[in-house]
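This is what each chain is made of:
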Amino acid sequence: MDRDKLIGLTLIFGILLVYTHFWGPRPVPQTASDRIQQPKLSAPSPHIGEDTTSITPPFNGALAQARQEPAREVVLENQDIQVTLTSLGGQVKAVTLKNYQDYQGQPLVLLDGQSSAMGFRFTAAEAQVNTNALPFETTDKDQYVVGEAVGQATFTWTLAPGRYIRQIFSLPSQGHQLTQAWEIVGLEKHVDEGQIDFVWHDLIKRTEKSIKACRNKATINYYLANHTFKHLKEYATNTQEQTIPSPVQWIAIKQRFFTAGIIAEEAFVQGAVALKPMPQSTTIVKAAQVCLALPPADLQQVRSGKFTFYFGPNDYPLLKGVAPGFSRNLSLGWPVIKWINQYLIIPLFTFLEQHISNYGLIILMLVILIKLLLLPLSYRSYLAMAQMKVLKPTLDALKAKYGRDIHKVQMEQVKLYRAVGLNPLSGCVPLLLQMPILLAMFNFFPNALALRQKPFLWAHDLSTYDSILDLPFTIPAYGSHISLFTVLMTASTMLHTWSSSQVSAPEGPVKILSYLMPVTLLFVLNDFPASLTFYYFVSNLATFGQQGLIKRFVDEDSIREKLAEHMASHRNGAKSRLQARLQAAMKAKRSPKK
């Protein structure tokens, strides 16, 4: 491996490490208290982990008796989701995604009564009221929605004639969006300062085999009315809190493959969010709190509005159709990386999906197509390697002549490169230009919903690591399992390094670094999805085949002759065109006329 190509590989390796560090877990010192203190809007909310339904409203008498009545449930169901509504709070109690299963093969329950609670919150007579504890009434029954119909359930809580809260939930026959229209009438005298918040507490459930991957990808995203996207850190290990002073269009509690979000018809005035990791739990990855201030009403006697909930997968076409900016819940990387994924990788992957049913073969075809796309860059890189191979004897002679004087060797190498017309960066620049594709794959595969629970060879699920052996102990920085595709990727990378080093064997620290890079990747990528490491492994194999194919079209003898001619021309002194013309004219003048 020549020095310049090694520089290119080192830069790529450095960028990859920085990238994995940016997206990977970073230890953050724990705060003095792990409890989330919700930033204050109209009033402090309960701490996560407390019973969010045990709220005593400032009413008594008939209400206290009504609260003892058992809650009624209404199920709205279409071909994609099943939503269970409850009269206790007139709220969404549970959501099941019908076309997906969790890591145990059970129906995927995104929310349930033990993990989620939502409702309106306000203060009345200096006491806090949460509607998720109030007994609503309904006469609606379970509905399975088909065709052009829309399932609907109405929940009403009445304080007195003309004073009530009504919530109407609507579900179409397909899709993952639930609409909630709400109306608060005649309660202006009971609402201190007229401020009403919508509060949502959610213990984010584990849905995947790797709870570490679930926890690292769970966060809260939100989109402001001025079209600014913001989010809490995915990999933070401490409690995060943010107050949102600007109008909010939507907020999403985002997991790795699924999202539960709320979109306002009229932007929320302000908000506050908080997120707390739950590292001791095996079923809950993080605890989320959302508090959103409803816009004030011009007519205080009646306040009304509409929300749209999205309970569904992080599928780019689906997210794109929910609301402006909602597709940002699918992380595709930094801007350039995102554009490559959005306009090249995703369309190409979708096209292959339509014609190939085996996802391992799809990844294989993806490698072949990407390699063909990058063939011109690979050709230039290989051509530079061939030129360096021709120069290797001369470079070895320089090293032998000047010995340990590294500075002198480098100076003579630069002179040699100039003499033969070789750009020392010609080998590493093509590799660097391929880096965006490499990073695009690094973002695409860990977030590819289509690969979830898809088997290939020994990998039972291409969206998680392919463990062939679970260790009874944990190796620091490596883990407690062995991922075979990661091992194969590392071995193929080291083989490629050895093959390249035959052109110009590196020495000392450079040689150690060339083999240290793939070993480091073995540790970095052990917990990553099998689809990613399989792609890198096949890509390495394809590189060998591609180099063998290119070699057939590269005549090293011709390169050797051209370099020798260029060097001879440099030694004899290159002549300008003007000098050549003057010499030709003088020669013609001296020649005898016929």
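Keep in mind that what you see is a predicted model, and the values were worked out from it rather than measured.

Looking now at the nonpolar core. Core analysis: the biggest nonpolar cluster contains 60 residues, and Trp200, Ile251 and Phe311 have the highest contact counts within it. Top contributing element to this core by residue count: strand β16 (residues 258-268), with five residues. In this structure, phenylalanine 311 is in contact with Ile81, Val92, Val95, Leu97, Leu110, Leu111, His176, Leu178, Trp200, Thr259 and Ala260, ignoring residues within four places of it in sequence. Counting 51 residues, the second-largest nonpolar core is a separate cluster that includes Leu332, Phe349, Leu439 and Met441.

So, on to unusual backbone geometry. In this structure, histidine 227 is a non-glycine residue whose phi angle is positive, near 70°. As for its placement among the helices and strands, histidine 227 is situated in the loop between β12 (219-224) and β13 (229-231). Exposure remark for histidine 227: the relative accessible area of 57% places this residue in the exposed category. In this structure, leucine 457 takes a positive phi of about 55° despite not being glycine. Tracing the sequence through the fold places leucine 457 in the loop between α10 (435-444) and β20 (467-475). The exposed category is assigned to leucine 457, whose relative accessible area is 61%.

Take the pairing of strand β19 (residues 302-313) next. A regular strand places its side chains so that they alternate between the two faces of the sheet. Bridging between strand β10 (residues 177-185) and β19 involves nine bridges; their strand directions are antiparallel. From the neighbouring strand, alanine 181 faces β19, where its bridge partner is lysine 306. Pairing of β16 with β19 involves seven bridges; the strand directions are antiparallel. Within the sheet, the bridge partner assigned to isoleucine 262 lies in β19 and is phenylalanine 309.

Two strands in a sheet stick together by hydrogen bonds in their backbones, pointing the same way (parallel) or opposite ways (antiparallel). Across the sheet, which stays open at both edges, the five strands sit in the order β4-β3-β2-β1-β7 with mixed pairing between neighbours. Edge positions in the open sheet fall to β4 (107-111) and β7 (143-144), since each of these has one partner strand only.

Our focus in this paragraph is the side chain of serine 327. Assignment of secondary structure puts serine 327 in the loop between α4 (316-320) and α5 (335-353). Setting aside its immediate chain neighbours within four residues, serine 327 contacts Tyr316, Leu319 and Lys320.

Of all nine residues in strand β11 (residues 197-205), seven are buried, a share of seventy percent or more. Sheet topology note: the strand β5 (residues 116-124)/β11 ladder contains six bridges and is antiparallel. Residue pairing for β11: serine 116 is matched across the bridge by aspartate 202. Sheet topology places β11 next to strand β18 (residues 284-293); nine bridges connect them, and they run antiparallel. By the bridge assignment, lysine 205 is partnered in β18 with isoleucine 284.

On to the pattern of salt bridges. All chains considered together, the criterion is met by seven salt bridges. In this structure, lysine 98 and glutamate 77 form a salt bridge, with 2.8 Å as the shortest nitrogen-oxygen distance. Of the two residues, lysine 98 sits in strand β3 (residues 91-101) while glutamate 77 sits in strand β1 (residues 73-77), which places them 21 residues apart along the sequence. With a relative accessible area of 17%, glutamate 77 lands in the buried category. Taking the shortest distance from any N to any O, the salt bridge between arginine 452 and glutamate 208 comes out at 2.8 Å. One end of the pair, arginine 452, is in the loop between α10 and β20; the other, glutamate 208, is in the loop between β11 and α3 (211-217), and 244 residues separate them in sequence. Classification of arginine 452 as buried rests on a relative accessible area of 4%.

Moving on, we come to the packing of aromatic side chains. Per the counting criterion, the structure on display carries 25 aromatic pairs. Between tryptophan 182 and phenylalanine 307 the ring centres are 6.1 Å apart and the planes differ by 40°, which places this aromatic pair in the tilted class. Pair noted here: tryptophan 182 is in strand β10 and phenylalanine 307 is in strand β19, with a separation of 125 residues, a long-range link. Each ring, one from tyrosine 478 and one from phenylalanine 523, has its centre 5.4 Å from the other, and the planes form 70°; the classification is edge-to-face. Of this pair, tyrosine 478 sits in the loop between β20 and β21 (479-483) while phenylalanine 523 sits in helix α12 (residues 509-524), and the two are 45 residues apart along the sequence. In this arrangement the basic side chain of arginine 206 is found over the ring face of tyrosine 103, its NZ or CZ atom lying 4.2 Å from the centre.

How each quantity is defined
- Residues numbered from 1 in each chain as written.
- Predicted model: local features only at pLDDT ≥ 70, side-chain atom pairs only at ≥ 80, totals over all residues.
- Heavy atoms only, no water.
- Core = buried A, V, L, I, M, F, W, Y, C linked by side-chain atoms within 4.5 Å.
- Buried < 20%, exposed > 50% of the residue type's maximum accessible area, 1.4 Å probe, protein only.
- Helix = DSSP H or I, 4+ residues; strand = E, 2+ residues; numbered from the N terminus.
- Contact = heavy atoms within 4.5 Å.
- Pairing = 2+ DSSP bridges.
- Salt bridge = Lys/Arg side-chain N within 4 Å of Asp/Glu carboxyl O.
- Phe/Tyr/Trp six-rings, centres within 6.5 Å; stacked < 30°, edge-to-face > 60°.
- Lys NZ or Arg CZ within 6 Å of the ring centre and 35° of its normal.

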